[in-house]
Amino acid sequence: MKLNPFNEKPIKTNDDFYNWKELAPKPYNKFDVDPYTKVRIILANGAEYEAVGFSHHFHRHCPDNELRRELATLRRKEQQQQKRIAALKPIGEGILEHTIAYEQLAVDLTAIFAERESNQYVKQAMDFALLEDFDHLYRYADLLEMDKGILAERLVGGYTELMPGRPTISEHRYPTDDVKRYVNFKQANNLTKLDINILTAAEQQTMNYYMNQAAFYQNKIGRELYTEIGMIEEQHVSLYGGLKDTTCSWCEELLMHEYTECYLYYSLWQDETDEHVKSIWEQHFNDELAHLHKAVEILQKYDGKSWQQVIPDGEFPELLIFHSNIDYVRNVLQNTVNVTARGEDYVEVSNLSPDAKFFDYQHQVNVKDSNVASHCVINKYIADNRKDYRYETAEHPIEELRDRKRDNTSVGR
């Protein structure tokens, strides 16, 4: 069903708050939950992190206390929504198990968005980061089986393969190579704007998660793996965040944030298979509908603009529906595994000049392969088990990455 949230009348107000019991919903059962229910929960949590973070920054740059009080009221409800979502994770689910869901989200969300994206520059960015998150999933899967004896293929439900992508060791780039050209949101279609906003929020949550969790891991190699991959997440947040329109005002950004959350919760509500979780998505969609209409009022009052000047067509585009993307990921692997970033664009690593900053940065941070955690994890797994841990539905599309007895560190470098 097509829906324009600007034309929907909110059934809640911004003063409707949840009580403590409502902030502690029943968690999912980690043994029988559908992997995509977990993925949806992580994605919604990331959207609320983004909403709260943006609101605090807006608050700190706003001299008008009347407007700051409006933001504080909206933000309190966003915080409550985040607490409800976080409570859906069961106590017995470990950091690494949860990490597998984080990376499955990154892979399948990015693939879904890239496949439907009409802006070729944005699609290129998505395909580029997709192969890196895909490789992270493989490295964490080997660590999970090595440390916990848990097969990640059971956690991803067969939806997502577990095998090398662009090797993590090859992903470390000079900071300026992740700064891209921003997209003009007033000219872009709704799907492009929503995809950029959602991916930025998702990757930022992953970056924050790894920043906090690295020091809590049980052993040295795991701590170092989280640290290394956390640095790539910093690159991805720079990449996706840099695509956002830098010319938007704070009030325009607020409207886009609320519109994005409405779209996201409506999509999750329509897509969800768990009835308990589905009811939460419905409740949160109605919360965000009230937030969106408040953002419309704020935009009119402080910027003197109508919502149509920011989002000309308010009707939701194609909804986000989670599904397996194995063939799409394999195709991107086959065609772009050796691509790296050069300034605002992308290039085959073999076409970089010898004095490119990529090589200098690689030398500084990696020094030698035996220092790099993402490589060491696979090497240790192979030493203990004679071959790495994978879940593949067919032969790997890249010949250099088919050898399960040796971790390749040259592809992409």
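The present account deals with the structure reproduced in this document. (Residues numbered from 1 in each chain as written. Predicted model: local features only at pLDDT ≥ 70, side-chain atom pairs only at ≥ 80, totals over all residues. Heavy atoms only, no water.)

Overview of the overall build of the protein chain
Helices and strands together make up the secondary structure of the protein chain, namely twelve helices and two strands. Helices and strands in the protein chain line up, N terminus first, as α-α-α-α-α-α-α-α-α-α-β-β-α-α. Its C-alpha atoms give the protein chain a radius of gyration of 21 Å, within 12% of the compact-globule value 22 Å for 413 residues. Along the first, second and third principal axes, the C-alpha atoms of the protein chain reach 60 × 50 × 40 Å. Counting the 413 residues in the protein chain, one finds 58% classified as buried. Here the analysis covers contacts within the protein chain between residues at least 6 apart in sequence; of these, 84% occur between residues at least 24 apart. Here the protein chain has roughly 17300 Å² of accessible surface; of this, 49% comes from carbon and sulfur atoms. Here the protein chain contributes 48 positively and 68 negatively charged side chains, and the mean placements of these two sets differ by 4 Å. (Helix = DSSP H or I, 4+ residues; strand = E, 2+ residues; numbered from the N terminus. Rg over C-alpha atoms; globule rule 2.2 N^0.38 Å. Buried < 20%, exposed > 50% of the residue type's maximum accessible area, 1.4 Å probe, protein only. Contact = heavy atoms within 4.5 Å. Areas by Shrake-Rupley, 256 points an atom, 1.4 Å probe, with all protein chains shown as cover. Lys, Arg positive; Asp, Glu negative; His and termini not counted. Charge placed at Lys NZ, Arg CZ, Asp CG, Glu CD.)

Examining helix α2 (residues 65-86)
For α2, built from 22 residues, the straight-helix expectation of 32 Å at 1.5 Å per residue is met to within 8% by its first-to-last C-alpha distance of 31 Å. Leu 67, Leu 71, Leu 74, Arg 75, Lys 77, Glu 78, Gln 80, Gln 81, Gln 82, Arg 84 and Ile 85 are the residues of α2 that are buried. Taken together, the buried residues of α2 touch α1 (35-60), α8 (250-271) and α9 (275-303). Two to three positions downstream of the cap, the backbone nitrogen of Glu 66 sits 2.9 Å from a side-chain oxygen, assigning the N-cap of α2 to Asp 64. (Expected span 1.5 Å × (residues − 1). Polar contact = N/O pair within 3.5 Å; in protein donor to acceptor, adjacent residues only side chain to side chain.)

Side note on the environment of Ala 114
Structurally, Ala 114 can be placed in helix α3 (residues 95-116). Spatially, the C-alpha atoms of Ala 114 and Tyr 328 are 9.4 Å apart, while their sequence positions differ by 214 residues.

Considerations on the packing of α8 against α9
Two quantities define a packed helix pair, namely the angle between the helix axes and the distance between the axes. Running from N to C, α8 and α9 point in directions that differ by 160°, and their axes come no closer than 8 Å. Judged on the interaxial angle alone, α9 and α8 are roughly antiparallel. As for how α8 packs across α9, the hand of that crossing is left-handed. Taken together, the residues that form the contact of α8 with α9 break down as 18 nonpolar, three polar and seven charged. (Axes fitted to C-alpha atoms, helices over the stretch in contact; angles between N-to-C directions. Parallel < 35°, antiparallel > 145°, perpendicular 65-115°, else oblique. Left-handed = near helix turned anticlockwise from the far one by under 90°. Nonpolar A, V, L, I, M, F, W, Y, C, P; charged D, E, K, R; others polar.)

Thoughts on helix α10 (residues 326-336)
Those residues of α10 not exposed but buried are Ile 326, Tyr 328, Val 329, Arg 330, Val 332 and Leu 333. Along its buried surface, α10 packs onto α3 and α4 (120-148).

A short note on unusual backbone geometry
Here Val 367, not a glycine, exhibits a phi torsion of approximately 55°, which is positive. Considering the arrangement of structural elements, one finds Val 367 in the loop between α11 (357-366) and α12 (373-385). A positive phi angle, near 75°, is found at Arg 386, a position not held by glycine. Positionally, Arg 386 belongs in the segment after α12.

So, the packing of aromatic side chains
Inspection of the entire model under this criterion finds 23 aromatic pairs. Ring centres of Tyr 217 and Tyr 226 lie 5.8 Å apart, and the angle between their planes is 40°; this geometry places the pair in the tilted category. The pair formed by Tyr 217 and Tyr 226 is uniform in burial state, with each residue classed as buried. Each member of the aromatic cluster is reached from another via a ring pair, and the members are Phe 6, Tyr 259, Tyr 263, Tyr 266, Trp 269, Phe 285, Trp 307 and Phe 316. Over the ring of Tyr 18 we find Arg 84; its NZ or CZ atom is 4.2 Å from the centre of that ring. (Phe/Tyr/Trp six-rings, centres within 6.5 Å; stacked < 30°, edge-to-face > 60°. Lys NZ or Arg CZ within 6 Å of the ring centre and 35° of its normal.)

Regarding the environment of Leu 155
In this fold, Leu 155 is placed in helix α5 (residues 152-156). On the basis of relative accessible area, Leu 155 is assigned to the buried category, the value being 16%. C-alpha of Leu 155 to C-alpha of Ala 141: the two residues are 14 residues apart in sequence and 9.7 Å apart in space. Setting aside residues up to four positions removed in sequence, Leu 155 forms contacts with Pro 35, Glu 97, Ile 100, Gln 104, Leu 144 and Ile 150.

Some details on the pairing of strand β2 (residues 345-348)
When strand β1 (residues 339-342) meets β2, the two strands line up antiparallel, connected through four bridges. Pairing of Thr 340 across the sheet is with Val 347, part of β2. Where β1 folds back onto β2 in an antiparallel hairpin, the turn is made up of two residues, including Gly 343, whose phi is positive at roughly 60°. (Pairing = 2+ DSSP bridges.)

Digging into the packing of helix α6 (residues 190-213) against helix α7 (residues 220-241)
Running from N to C, α6 and α7 cross one another at 155°; their axes reach a closest spacing of 8 Å. By the angle between their axes, α6 is roughly antiparallel relative to α7. Crossing of α6 over α7 shows left-handed handedness. Listed contacts from α7 to Ile 196, Leu 199, Thr 200, Glu 203, Gln 204, Thr 206, Met 207 and Tyr 210 of α6 are Tyr 226, Ile 229, Gly 230, Glu 233, Glu 234, His 236, Val 237, Tyr 240 and Gly 241.

Notes on the side chain of Glu 161
With respect to the helices and strands, Glu 161 occurs in the loop between α5 and α6. According to the relative accessible area criterion, Glu 161 is buried, its value standing at 2%. Side-chain polar atoms of Glu 161 contact the side chain of Arg 330, separated by 2.8 Å. Polar contacts involving the side chain of Glu 161 include one to the main-chain amide nitrogen of Thr 393, which spans 2.6 Å. Sequence-distant contacts of Glu 161, that is, excluding residues within four places in its chain, are made with Phe 134, Leu 137, Ile 326, Arg 330, Tyr 391, Glu 392, Thr 393 and Ala 394.

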